[in-house]
Amino acid sequence: MPSPIKNSDQGGRREGQKYKSLLVWQYLLRNSDENHAVKSEDIRKFLNRHGISADRHSVVRDIQAIQDLFERSMNVDSVGEIDEDDVDDYDAAEEFRYEVVYDAAAHGYKIISRPYDFDDLRLLAECINATRFLTESQANRLKLLIGEFCSKYQEEELDNEVYLVGRVKSSNKYLFRSMEKINEAVRTKKQISFKYLKHTLQSGSEQVERKHGGVYIVSPHQLIINEGNYYLLSYDSKRDAMRTYRLDRMKEVKILDVPSEGRDKFAEIDMHTYTQRVFSMFGGEQKRVRIRFTNDMLDTVIDRFGTKSGATYLADGKSHFIVSADVEISNPFYSWICGFRKKATIISPPEAVEGMKQFLADIAARYESEVK
């Protein structure tokens, strides 16, 4: 990077000494960590590139001054009485610090403690990789920002830790701008307008506007993340109903100078039940259903129904279990059961059992007529 120091004359060099400690610290941040130390010679070469001359002793003094500064800062922050309920938080805060040590084996200095644990940064990077609503460029930019909080060696690890199979990124580069406007509309209780996109066979991989480019007008109430995608939960006054839209399919989002509506409808929603219905695509009449599964399906079934949503799980012999849960009966629900083949059987209520039989009969009849 270009030097911020004027080094054309002696005055410039004296001016540069004001920034020496800062540059030493900058070099340590990017070039050292628990597994990598830097020698004072490397630091002096870095300073020379910025027009600053330094000997080994002055570099050591800079590092010691930096460490002393952090220790004094921690002592100042620790002054005062600590409530017993805050002991755990206080202990965590004690670790929330920088620490520089001399590594005798490597003959150099390294930062062994930072406010941001590298495992936490790695987790953030993996979340960014797994998030579908981000474009590739947005994800890369965010990972670069995270990389500023660790060494250059750790930053390389952030890109090499996890490979996610089949994770398709969004192509909507305006999503963050749309999100910003939606949040502003929710805060100010205003309606929004937008155009909504869809895929068609005629357009290949591109999307076209729904309703021939017609504008949607809704009252936004809540943003939801599901399966790595952002959704907007809103009220549609024309239909007098709550509607959900995917943010990466919204374009030209505008805030209207019209008060939002449907707050009573939104207040009536049980978010867990609503999101389960919308995102699981069951969308039928809700009933208490009992389903018998083979034991190897337990993790999959718990992932679907959870353990805190009223679902119960009981062993049924040595190789099966029965789940009892509230389900909205519909064709997508029967399709979900079909995916388990002989590993799942609906036990009750009788109408759900009969509905499953009819669902299978309709499929069988379809294939019989196609063969003939």
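Up top you'll find the structure we're talking about.
Criteria and cut-off values
Residues numbered from 1 in each chain as written. Predicted model: local features only at pLDDT ≥ 70, side-chain atom pairs only at ≥ 80, totals over all residues. Heavy atoms only, no water. Pairing = 2+ DSSP bridges. Helix = DSSP H or I, 4+ residues; strand = E, 2+ residues; numbered from the N terminus. Axes fitted to C-alpha atoms, helices over the stretch in contact; angles between N-to-C directions. Contact = heavy atoms within 4.5 Å. Core = buried A, V, L, I, M, F, W, Y, C linked by side-chain atoms within 4.5 Å. Buried < 20%, exposed > 50% of the residue type's maximum accessible area, 1.4 Å probe, protein only. Salt bridge = Lys/Arg side-chain N within 4 Å of Asp/Glu carboxyl O.

Across the sheet, 4 strands lie side by side as β10-β11-β9-β12; this open sheet has antiparallel pairing. Sheet topology places β10 (312–316) and β12 (344–348) at the edges, where each strand pairs with a single neighbour. When the angles between neighbouring strand axes are averaged without regard to direction, this sheet yields 35°. Bridge count for β10 against strand β11 (residues 320–329) is 5 bridges, and the pairing is antiparallel. Bridge pairing links Tyr313 to Val323 in β11. Sheet strands touched by helix α12 (residues 298–305): β9 (285–294), β10 and β11. Its angle to β11, the strand with the most contacts, is close to 25°.

This part takes up the nonpolar core. Ile182, Ile192, Phe194, Leu232, Leu247 and Met250 are the most contacted members of the largest nonpolar core, which has 26 residues in total. Those elements that place two or more of their residues in this core are α6 (118–130), α7 (136–147), α9 (175–188), β3 (190–199), β5 (216–226), β6 (229–236) and β8 (250–259). Formed by 23 residues, the second largest nonpolar core is a distinct cluster that contains Val289, Val301, Trp336 and Phe359.

Glancing now at the pattern of salt bridges. Under the definition given, this model contains 19 salt bridges. Across the pair Arg122 and Asp119 runs a salt bridge, and its minimum N-O distance is 2.5 Å. Taken together, the residues Arg122 and Asp119, both in helix α6 and 3 residues apart, mark about one turn of the helix. Put simply, Lys343 and Asp296 hold a salt bridge, and the shortest N to O gap is 2.8 Å. A residue pair is termed long-range when its members are at least 10 positions apart, and Lys343 in the loop between α13 (331–338) and β12 and Asp296 in the loop between β9 and α12 qualify at 47 residues. With relative accessibility at 47%, the residue Asp296 sits in the partly exposed group. Here the salt bridges do not stand alone but share partners, grouping Lys195, Glu209, Lys251 and Glu252 into one network.

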